[in-house]
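Observations on the three-dimensional arrangement
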Amino acid sequence: MQIGMIGLGRMGGNMAKRLIRGGHEIVGYARDAAGIEQCVKDGGKGTTSLDDLVGTLRPPRVAWVMVPAGAATEEVVTDLAKRMRAGDTIIDGGNSMYKDDVRRAASLREAGIHYVDVGTSGGVWGLARGYCLMIGGDKDVVARLDPIFKTLAPGKGTIDRTPGRESIAASTAEDGYLHCGPAGAGHFVKMIHNGIEYGLMQAYAEGFDILKNADSDQLDPAHRYALDCREIAEVWRRGSVVSSWLLDLTAQSLAESPTLAEFTGAVSDSGEGRWTLMAAIEEGVPAAVLSDALYVRFRSRHDHTFGEKLLSAMRNKFGGHVEPKASGR
């Protein structure tokens, strides 16, 4: 299929490259000339403006927006809508608030423009591993775009089929992408995914912090242990019930830097954790672990522990995220 890709940074650029490798025709646009140059080098077509991009795409056009959530996405979607026509489709593959998706879909529907929201997980590793996609939008539109999602997704790979699924109707979930429901559903599911991610990361960080401080002089000398967190992370990767990709990245971070001295421990949050708690409040669902994980990130920007440095290390590994500057308070 022909797809316009707006935003060719860490995620957008790699997604464009994966689509090109999968036989799709990519028309790329970014404000950063380097992103456009790389897209062309990978086999795509570069454009210098939204007018140029929309004019290059064949009707019915498909444009995938991969820019930071919030004002940037709102601006691009609004500008695209002014240039697109009935039957065209705008896909938001970032981390937008799901309520914004519902609003945008309703507004674009009046002009006959389709809107699809895609929660995209995979970070900087997605080019090689594939992207887990959580999709929201009209069923017929999503079905028409299936070749795009199938190429971006990881596929079944070497993961064993879940026991008991033999009696469940066939689903693309086993290929790593899923139509979750109408507009907003994709980003809602991705939002909760990221909230859970906060909790998982915090559990690892706290556990390793306890291990690191097992030789504290506050303890009875008979109960002190000089433990090697690097080796513990490695052994847990092999047969342990707490093994995971996040643990793999933790082990890699500790192998490269046992003390994590290059990290301050100031941990960012990109918004989805906050929105997850807002949804929990609206639904009346307790979310103690997820809320604690978010609040620890707030505190981390003022007072840093080894565990918070490990959180920063994990975020850097799976998403290429860079620590924010500390506030100094």
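Nothing here was measured: the structure is a model prediction, and the numbers come from that model. Along each chain, numbering runs from 1 in the same order as the chain's sequence is written. For this predicted model, a pLDDT threshold of at least 70 governs which residues receive local features, and a threshold of 80 or more governs which side-chain atom pairs are given and counted, while totals over whole chains, interfaces and linings are taken from all residues. Excluding hydrogens and water, the side-chain figures rest on all heavy atoms present in the structure.

1. Considerations on the overall build of the protein chain
The number of helices and strands found in the protein chain is 14 helices and 8 strands. Only C-alpha atoms enter the radius of gyration, while the globule expectation follows 2.2 Å times N to the 0.38, with N the number of residues. The C-alpha radius of gyration of the protein chain comes to 22 Å, within 12% of the 20 Å expected for a compact globule of 329 residues. Along the longest, intermediate and shortest principal axes, the C-alpha atoms of the protein chain span 75 × 50 × 40 Å. Across the 329 residues of the protein chain, 47% fall into the buried class. Here the analysis covers contacts within the protein chain between residues at least 6 apart in sequence; of these, 69% occur between residues at least 24 apart. Each accessible area value is a Shrake-Rupley result obtained with a 1.4 Å probe; residue values ignore everything except the protein chains displayed when judging cover. For the protein chain, the exposed area adds up to about 16200 Å²; of that, 56% sits on carbon and sulfur atoms. Between the averaged position of the 38 positive side-chain charges in the protein chain and that of its 42 negative side-chain charges there is a distance of 4 Å. Only runs of H or I of at least four residues qualify as helices and only runs of E of at least two qualify as strands under DSSP, and these elements are numbered from the N terminus. Only protein chains enter the accessibility calculation, which uses a 1.4 Å probe; a residue whose area is less than 20% of its type maximum is buried, one above 50% is exposed, and one in between is partly exposed. Only heavy atoms enter the contact rule, under which two residues are in contact if any of them lie within 4.5 Å. For this count, His and the chain ends are skipped, Lys and Arg are scored as positive, and Asp and Glu as negative. The atom standing in for a charge is NZ when the residue is Lys, CZ when it is Arg, CG when it is Asp and CD when it is Glu.

2. Side note on the sheet that holds strand β7 (residues 132–136)
Should DSSP find at least two bridges between two strands, the strands are regarded as paired. One open sheet accounts for 8 strands, arranged β3-β2-β1-β4-β5-β6-β7-β8; its pairing is mixed. The sheet is open, and its two borders are formed by β3 (45–46) and β8 (177–181), each paired with just one other strand. Where strand β2 (residues 25–29) and β3 come together, 2 bridges link them in parallel fashion. Across the sheet, Val-27 pairs through a bridge with Lys-45, a residue of β3. All axes here are fitted lines through C-alpha atoms, helices being fitted over the stretch that makes contact, and every angle between N-to-C directions spans 0 to 180 degrees. Against the sheet, helix α5 (residues 98–109) touches β5 (89–92) and β6 (114–121), its axis set at about 155 degrees to β6.

3. Details of the pairing of β6
The element β6 is largely enclosed, with a buried count of 7 among its 8 residues. Where β5 and β6 come together, 4 bridges link them in parallel fashion. Paired with Asp-92 across the two strands is Asp-117, which belongs to β6. If you view a crossover with the strands going away from you and the path from the first strand over the helix to the second runs clockwise, you call it right-handed. You can see the chain leave β5, run along α5 and come back into β6, and the turn it takes is right-handed. Across 5 bridges, the pairing between β6 and β7 is antiparallel.

4. Description of helix α1 (residues 10–21)
An α-helix turns once every 3.6 residues. As a result, residues three or four positions apart point the same way. Over its 12 residues, α1 runs 17 Å from end to end, which matches the ideal 16 Å to within 8%, given 1.5 Å per residue. Along α1, 10 of the 12 residues are buried, which leaves the element largely enclosed by surrounding structure. Every buried residue of α1 is accounted for by Met-11, Gly-12, Gly-13, Asn-14, Met-15, Ala-16, Lys-17, Arg-18, Leu-19 and Ile-20. Downstream of α1 by a residue or two, Gly-23 has a phi angle that is positive, lying close to 95 degrees. Expected span, for any helix, means 1.5 Å times one less than how many residues it has.

5. Some thoughts on the environment of Arg-161
The topology assignment puts Arg-161 in the loop between α8 (146–152) and β8. Between the C-alpha atoms of Arg-161 and Glu-174, which are 13 residues apart in sequence, the distance is 7.9 Å. Every residue in contact with Arg-161, bar those within four places of it in the chain, is listed here: Glu-166 and Glu-174. The term polar contact refers here to a pair of N or O atoms within 3.5 Å; inside protein, the definition further demands a hydrogen-donor-capable atom paired with an acceptor-capable atom, and it admits residues adjacent in sequence only when both atoms are side-chain atoms. A distance of 2.9 Å separates a polar atom in the side chain of Arg-161 from a polar atom in the side chain of Glu-174.

6. Focus: the environment of Cys-229
Tracing the chain through its elements places Cys-229 in helix α10 (residues 229–236). The exposure class assigned to Cys-229 is buried, which follows from its relative accessible area of 7%. As a C-alpha pair, Cys-229 and Met-66 span 163 residues in sequence and 37 Å in three-dimensional space. In this structure, Cys-229 is in contact with Phe-208, Leu-211, Lys-212 and Leu-254, ignoring residues within four places of it in sequence.

7. A look at the pattern of salt bridges
For salt bridges, the criterion is a side-chain nitrogen of Lys or Arg within 4 Å of an Asp or Glu carboxyl oxygen. A full pass over the atoms with the stated rule returns 23 salt bridges. A salt bridge links Arg-274 to Asp-269; the nearest nitrogen and oxygen atoms lie 2.7 Å apart. Measuring nitrogen to oxygen at the nearest pair gives 2.5 Å for the salt bridge that ties Asp-269 to Arg-301. Of the two residues, Asp-269 sits in the loop between α11 (245–256) and α12 (272–283) while Arg-301 sits in the loop between α13 (288–300) and α14 (306–319), which places them 32 residues apart along the sequence. Linked through salt bridges whose partners overlap, the residues forming this network are Glu-74, Asp-92, Asp-100, Asp-101, Arg-103 and Arg-104.

8. A look at the nonpolar core
For our purposes a nonpolar core is just a set of buried Ala, Val, Leu, Ile, Met, Phe, Trp, Tyr and Cys residues, chained together by side-chain atoms within 4.5 Å. Ranked by internal contacts, the top residues of the largest apolar core, which has 29 residues, are Met-5, Trp-64, Val-116 and Phe-149. Here this core takes 5 residues from α1, the largest share from any one element. Residues in contact with Phe-149, not counting those within four places in the same chain, are Trp-64, Val-116, Val-118, Leu-133, Ile-135, Val-142 and Tyr-177. Residues Tyr-204, Phe-208, Leu-310 and Phe-318 belong to the second largest nonpolar core, which totals 22 residues.

9. Quick word on the packing of helix α9 (residues 185–212) against α12
The geometry of α9 relative to α12 is characterised by a closest axis approach of 8 Å and an angle of 105 degrees between their N-to-C directions. As the angle between them shows, α9 and α12 are arranged roughly perpendicular. Touching Phe-188, Met-191, Ile-192, Asn-194, Gly-195 and Tyr-198 of α9 are Glu-272, Gly-273, Trp-275, Thr-276, Ala-279 and Glu-283, all from α12. By the convention adopted, Pro, Cys, Tyr, Trp, Phe, Met, Ile, Leu, Val and Ala count as nonpolar, Lys, Arg, Asp and Glu as charged, and the other residues, Gly among them, as polar. Of the residues in the contact of α9 with α12, the class split is 6 nonpolar, 4 polar and 2 charged. When an angle is under 35 degrees it counts as roughly parallel; over 145 it counts as roughly antiparallel; between 65 and 115 it counts as roughly perpendicular; any other value is oblique.

10. Focus on the environment of Arg-85
Secondary-structure assignment places Arg-85 in the loop between α4 (71–83) and β5. Polar contacts involving the side chain of Arg-85 include one to the main-chain carbonyl oxygen of Arg-83, which spans 3.5 Å.

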